[in-house]
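# Per-entry structural report
Letter by letter, the chains look like this.
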Amino acid sequence: MNGDDQPRDPRAMQLVLELLQNGITDEKVVKVMESLPRDLFVPQTFQKSAYENLALPIGYHQTISQPHVVALMTQSLELTDRSKVLEIGTGSGYQAAVLSPLCRRLYTIERHKGLLVEAEKRFASLRLHNITTKFGDGSKGWVEQAPFDRIIVTAAAIDIPPVLVDQLSIGGIMVVPVGDDQHDQRLVKVVRTENGSEISDLGWVRFVPFVQGEVSDH
Ligand code: SAH
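The notes below deal with the structure included here. (Residues numbered from 1 in each chain as written. Predicted model: local features only at pLDDT ≥ 70, side-chain atom pairs only at ≥ 80, totals over all residues. Heavy atoms only, no water.)

## Description of the pattern of salt bridges
Under the defined criterion, the tally for this structure stands at five salt bridges. For Glu144, the salt bridge is made with Lys134, and the minimal N-O distance between the two is 3.9 Å. You can see Glu144 sitting in the loop between strand E5 (131-135) and strand E6 (148-153) and its partner Lys134 sitting in strand E5, a full 10 residues away along the chain. (Salt bridge = Lys/Arg side-chain N within 4 Å of Asp/Glu carboxyl O. Helix = DSSP H or I, 4+ residues; strand = E, 2+ residues; numbered from the N terminus.)

The following block contains the structure:
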């Protein structure tokens, strides 16, 4: 990743300016996104749009999330360098690469083997060594590694998944898109408390569906 003395890609600088003008306030998140080359996560066909504030196809009918949504979800997690984080839906690995420098350890699960293999190569080339990946169905969470301080789901669930709330530590935060129709999803923040959870609404989003089971062909 870029050190402070290295020139930033002007397209990335333009993109973060747009994020700052649209309600993203966490400087640490903005700094990471400014220095992360999003073009590495985008297929050849869409290189021209790599730094536009758009979700883009990554194959397997999946998408790399819109930068604004990546920034919003990341800042809503209120990460610290002590946070142990679970991500469901590795996809291209872009969201994971934004989380990685902002937390202690990131666990990420993907149900498409082909996407996971590519994402793992990107993590290695960017030297993101605090990421542990798993091929499988994230709807079960990651029992062996639970509890997590933070959980981020990057595919839309029908409802807040109780299995994942159970894997949050007390005081832990989860962000998850909820809704069964692509045009009617809300981003929800769940804070686990001693005797339940507190839920708040972060606005409209559009994600691919959260699907059960894994797919190994690629
Ligand atoms: N975070 C990704 C976004 C990818 S889109 C990025 O930054 O590129 C959502 C991803 O969630 C897809 O790759 C999809 O295959 C995955 N997914 C959907 N349901 C899943 C499940 N039950 N377990 C694991 N991954 C899942």
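Don't stop here, the text continues.
## Things to note about the packing of helix H1 (residues 10-21) against helix H2 (residues 27-35)
The contact between H1 and H2 brings their axes to 8 Å, and the two run at 155 degrees. Considering the angle they form, H1 stands roughly antiparallel to H2. By crossing handedness, the relation of H1 to H2 is classed as right-handed. Contact residues: H1 offers Ala12, Met13, Val16, Leu19 and Leu20, while H2 offers Val30, Met33 and Glu34. (Axes fitted to C-alpha atoms, helices over the stretch in contact; angles between N-to-C directions. Parallel < 35°, antiparallel > 145°, perpendicular 65-115°, else oblique. Left-handed = near helix turned anticlockwise from the far one by under 90°. Contact = heavy atoms within 4.5 Å.)

## Topic: the environment of Arg150
One can find Arg150 in strand E6. Within the local environment of Arg150, its side chain forms a polar contact with the backbone oxygen of Leu77, the two atoms lying 2.4 Å apart. (Polar contact = N/O pair within 3.5 Å; in protein donor to acceptor, adjacent residues only side chain to side chain.)

## A few points about the site of the ligand
Taken together, 28 residues are adjacent to the ligand, and Gly89, Ser92, Glu110, Gly138 and Val211 come closest. Here an oxygen atom of the ligand sits 2.6 Å away from a polar atom, N or O, in the side chain of Ser92. Note that a nitrogen atom of the ligand is positioned 3.2 Å from one of the side-chain N or O atoms of Thr154. At the level of secondary structure, the elements contributing two or more residues to the shell around the ligand comprise strand E2 (62-64), strand E3 (84-88), helix H4 (94-99) and strand E4 (105-110). With three residues, E2 is the largest single contributor of residues to the shell around the ligand. (Near = heavy atom within 4 Å.)

## Details of the pairing of strand E7 (residues 168-178)
Most of E7 sits out of view: nine of its 11 residues are buried. Inspection of the sheet shows E6 paired to E7 by four bridges, in the parallel sense. Bridging across to E7, Ile151 finds its partner in Met174. Sheet topology note: the E7/strand E8 (residues 185-193) ladder contains six bridges and is antiparallel. (Buried < 20%, exposed > 50% of the residue type's maximum accessible area, 1.4 Å probe, protein only. Pairing = 2+ DSSP bridges.)

## Examining the sheet that holds E3
Strand pairing in a sheet is mediated by backbone hydrogen bonds. Such pairs are either parallel or antiparallel. Strand order in this open sheet of seven strands is E5-E4-E3-E6-E7-E8-E9, and the pairing throughout is mixed. Lying at the two open borders of the sheet, with one neighbouring strand each, are E5 and strand E9 (196-205). Going from strand to strand, the sheet's axes swing by 15 degrees on average, the running direction of each strand aside. Along the sheet, helix H3 (residues 67-76) contacts E6, E7, E8 and E9; its crossing angle with E7, the most-contacted strand, is approximately 160 degrees.

## Details of the packing of aromatic side chains
Describing an aromatic ring pair means giving the distance of the ring centres and the angle of the ring planes. Across all of its chains, the model carries three aromatic pairs by this definition. Seen from their ring centres, Tyr107 and Trp142 are 5.3 Å apart, and the 80 degrees between their planes marks the pair as edge-to-face. Taken together, the residues span a long stretch of sequence, with Tyr107 in strand E4 and Trp142 in the loop between E5 and E6 at a distance of 35 residues. What makes Tyr107 buried here is its relative accessible area of 8%. Assessed through its relative accessible area of 8%, Trp142 is described here as buried. (Phe/Tyr/Trp six-rings, centres within 6.5 Å; stacked < 30°, edge-to-face > 60°.)

## Thoughts on H1
Spanning 12 residues, H1 covers 17 Å between terminal C-alpha atoms, matching the ideal 16 Å at 1.5 Å per step. Packed against the buried residues of H1 are H2 and H3. The N-capping residue of H1, defined by a side-chain oxygen 2.8 Å from the backbone nitrogen of Arg11, is Asp9. Gly23 lies just past H1 and shows a positive phi near 95 degrees. (Expected span 1.5 Å × (residues − 1).)

## A few points about the nonpolar core
In this structure, Met33 and Tyr94 are the most contacted members of the largest nonpolar core, which totals 45 residues. Where this core is concerned, the elements lending two or more residues are H1, H2, strand E1 (56-59), H3, H4, helix H5 (113-125) and E7. The contact partners of Tyr94, leaving out residues within four places of it in the chain, are Met33, Leu36, Arg38, Phe41, Ile64 and Val70. (Core = buried A, V, L, I, M, F, W, Y, C linked by side-chain atoms within 4.5 Å.)

## Concerning the pairing of E4
Burial within E4 is extensive, with five of its six residues counted as buried. For the segment spanning E3, H4 and E4, crossover handedness is right-handed. For E4 and E5, the ladder comprises five bridges, and the chain directions are parallel. In the strand pairing of E5, Ile109 is matched with Lys134. This β-α-β element, E4 to H5 to E5, shows right-handed connectivity. (Right-handed = clockwise from strand over helix to strand, strands pointing away.)

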